[in-house]
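Each chain, written out:
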Amino acid sequence: MASILLQFPPPPRRQPSSALPRSTNCTVFEQEGQLKDIPDSTAISSVVAEYPKISLQNEAASRVNVRYENAQLAFLSNGQSSWKKPLHAWYNGGFLNMFDQLSELQDEAPQWMLSACKMSMSIVQILKSFKNFILPKTVMSNEEILSNFTHVSDWHKSPIQALAWHPHVIKVAIALHDDSVHIYYSGSDMRPLLKHKLQKQVTDLAWQPLSSSILAVACQACVLIWHIEPTSLAVRPSSSTVQVLQYNNHSPVTSLAWSPDGDHLISASPRQTSIVVWDVPKETGIALSGNRGGGITLLSYAPDSSKLFTATPSPHFRVWDTKGWLSENWYNLSGHCTAACWSPDGKVLVFAMEKNSALYAVRFPDCKDENSLSAVNTSMLLADVSQVSISTANGEEIRVGGQVKSVVWDKTGERLAVLFQPNELENNQVVAVFKSTIYPVLELFPGGFIKGESGESAHHIAFLPCFNKGALLSIVWSSGNVSYVPMYFVPACKIPYNPKANFGPWLSTSFMSPK
């Protein structure tokens with residue numbers, strides 16, 4: 001199957017003006033089914049009037065990565081006994097450090113002791129290598145985990161670490177690389193700043209539904225729950241307004257999901273095979289174990305509350321029935337699941353995998369059934385999005401597509417946006433937007449490419465839930481700008497249709513089945 005991206009309209013073109021050799025057109029809105037673009041040299045920031053203007057160019061959007069050493073390493077040992085050094089090494093770093101220190105005492109330790117230390121070190125390395133072979137993802141460093149399993153493309157280079165729009169009001173939380181979280185309101189210059197000593201390596205943010213003031217923050221060692229009163233004039237809320245949720249071995253936390261009714265919060269870590277279900281008021285958590293997969297890398301709650309999707313670092317994912325918290329396991333993937341999202345009615349799951357440039361889908365039965373999972377036994381190939389070279393209107397070649405990093409569906413179910421992993425040039429110039437139908441047949445149709453200003457790469461995408469004229473997509477660009485692309489159309493739900501129409505077959509082949 002050829003890549004569907006070859007059927008897309010050409011992306012915005014480069015301007016031929018010799019005075020502005022690097023000037024290109026950037027996408028500003030969709031009208032009458034077509035994405036429109038204008039020269040970025042003349043474009044005012046793509047801001048819909050009632051939404052906050054966000055530009056991180058003048059803020060602390062990046063930081064210098066400094067490795068802090070132990071204070072004791074700043075002092076040189078003076079006349080310290082050779083035998084005290086291994087004891088200090090054991091005290092500071094455990095037995096492995098002690099064995100390493102002893103193995104360096106070539107002339108001062110007995111030969112049998114040196115041999116025993118070297119043998120112990122070799123055995124440990126063999127065991128580590130074996131674990132790395134069996135569960136390669138579980139031995140990743142924190143830096144590798146953050147690069148592979150966060151919602152943001154190219155996390156270490158992105159101007160933001162996480163972003164979350166409030167589900168009911170025009171308000172957004174943004175985490176920067178200095179681990180601060182900033183809150184932007186519609187029509188207000190007030191911008192609360194959230195800082196806490198435990199707020200390190202922020203990877204995800206989630207607003208509690210049916211509440212205007214509660215924000216969950218996923219951190220390296222915990223989940224923080226901030227209570228930010230909308231009427232408060234405090235620009236820097238105090239630590240008394242935050243709850244700390246911690247669970248044994250639950251670190252780093254990389255994904256959060258509130259139940260749509262806001263009753264409980266789910267958190268996940270790639271190093272723990274269990275998801276943790278939090279009773280936030282009581283600050284208690286219950287672990288639900290999957291017992292396989294090597295950890296949990298991605299959470300996605302169905303909008304109707306009936307199901308919870310959980311991905312793992314291995315070629316395997318799980319869908320939970322939240323009525324009884326029973327799960328259905330899906331195998332035979334080409335790699336771990338890199339992205340997933342639910343249709344607005346919670347009946348269809350779209351997902352993408354590592355080492356596979358395609359979108360797949362599963363349709364689930366009505367939640368009126370006792371078991372809302374097992375009525376469907378196959379997933380379907382929805383669209384091939386393999387990387388291709390395409391030409392702009394003036395003949396410039398650019399590469400688009402490839403492995404999917406993020407996929408988001410708007411609340412009408414008629415627009416689906418896809419963000420790809422950076423290509424070999426380490427850029428991600430465009431976001432692909434599909435037109436979609438869910439009933440009577442699930443299908444994707446070519447929509448168009450969204451492009452930013454000259455030299456910009458996309459790092460994060462999200463549809464805003466409060467837009468009532470079609471769909472509104474927000475995009476975080478490498479420049480630090482957050483742009484809005486409104487898509488004006490009349491949703492099909494506002495057009496009369498026959499609810500008794502039969503569902504047609506999906507136009508694709510079976511790919512895999514649950515076990």
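Here the structure is shown first, and the text comes after it.
Just so it is clear, the model here is predicted, and its values are computed rather than measured.

Caption draft 1: Highlighting the overall build of the protein chain. Within the protein chain, the secondary structure is distributed over four helices and 32 strands. By the burial criterion, 52% of the 515 residues in the protein chain qualify as buried. Across the protein chain, every contact between residues at least 6 apart in sequence was considered, and the portion connecting residues at least 24 apart equals 52%. Accessible surface, the protein chain as shown: approximately 24400 Å² in total, 53% of it carbon and sulfur.

Caption draft 2: Spatial organisation of the pairing of strand 18 (residues 317-321). Summarising burial for strand 18: five of the five residues are buried, a large majority. On strand 18, burial covers both faces: Phe317, Val319 and Asp321 on one face and Arg318 and Trp320 on the other are all buried. In this structure, strand 17 (residues 307-311) lies alongside strand 18, joined through five bridges in antiparallel fashion. Looking at strand 18, one finds that Thr310 is bridged to Arg318. Hairpin connection of strand 17 to strand 18: five residues between the antiparallel strands. Bridge count for strand 18 against strand 19 (residues 326-330) is five bridges, and the pairing is antiparallel. Residue Asp321 lies in a different strand from strand 19, and its bridge partner there is Leu326.

Caption draft 3: The arrangement of the sheet that holds strand 14 (residues 274-279) in detail. Taken in spatial order, the four strands make up an open sheet running 12-13-14-15, and their pairing is antiparallel. Only two strands of the sheet have a single neighbouring strand rather than two, namely strand 12 (255-258) and strand 15 (284-289). Going from strand to strand, the sheet's axes swing by 25 degrees on average, the running direction of each strand aside. Looking at chain direction, strand 13 (residues 265-268) and strand 14 are connected through three bridges and run antiparallel.

Caption draft 4: Representation of the pattern of salt bridges within the structure. Per the stated rule, a full pass over the model turns up one salt bridge. Here Arg415 makes a salt bridge to Glu30, at a shortest N to O gap of 2.6 Å. Of this pair, Arg415 sits in strand 27 (residues 415-420) while Glu30 sits in strand 1 (residues 25-31), and the two are 385 residues apart along the sequence. This pair shows no difference in class: Arg415 is buried, exactly as Glu30 is.

Caption draft 5: Examining the sheet that holds strand 28 (residues 430-437) more closely. Overall, antiparallel pairing links the four strands, which are arranged 26-27-28-29 in an open sheet. Only two strands of the sheet have a single partner each, and these edge strands are strand 26 (404-409) and strand 29 (443-451). Put simply, the sheet's adjacent strands are angled 25 degrees from each other on average, direction ignored. Sheet topology note: the strand 26/strand 27 ladder contains five bridges and is antiparallel.

Caption draft 6: Quick peek at the environment of Pro209. Inspection of the secondary structure puts Pro209 in the loop between strand 8 (204-207) and strand 9 (214-218). Its relative accessible area of 11% is what places Pro209 among the buried residues. Between the C-alpha atom of Pro209 and that of His166, which follows or precedes it by 43 residues, the distance is 7.9 Å. When neighbours within four sequence positions are excluded, Pro209 is seen to be in contact with Pro167, His168, Trp258, Ser259, Pro260 and Gly262.

Parameters at a glance
- By convention here, each chain's residues receive numbers from 1 onward along its written sequence.
- A pLDDT threshold of at least 70 governs which residues receive local features in this predicted model, and a stricter bar of 80 or more applies before side-chain atom pairs are shown or counted, although totals over entire chains, interfaces and linings include all residues.
- Hydrogens are left out, water is left out, and the side-chain values use all remaining heavy atoms of the structure.
- Segments assigned H or I by DSSP are reported as helices when at least four residues long, segments assigned E as strands when at least two residues long, and all are numbered from the N terminus.
- Three exposure classes are used, based on accessible area relative to the maximum for each residue type with a 1.4 Å probe and protein chains only: buried under 20%, partly exposed in between, and exposed over 50%.
- We call two residues in contact when some of their heavy atoms are within 4.5 Å.
- Note that accessible areas follow from Shrake-Rupley with a 1.4 Å probe, and for residues the cover is restricted to the protein chains shown.
- We treat two strands as partners when DSSP finds at least two bridges between them.
- To obtain an axis, a line is fitted to C-alpha atoms, over the contacting stretch when the element is a helix, and the angle between two such axes runs from 0 to 180 degrees between their N-to-C directions.
- A carboxyl oxygen of Asp or Glu within 4 Å of a side-chain nitrogen of Lys or Arg is what we treat as a salt bridge.

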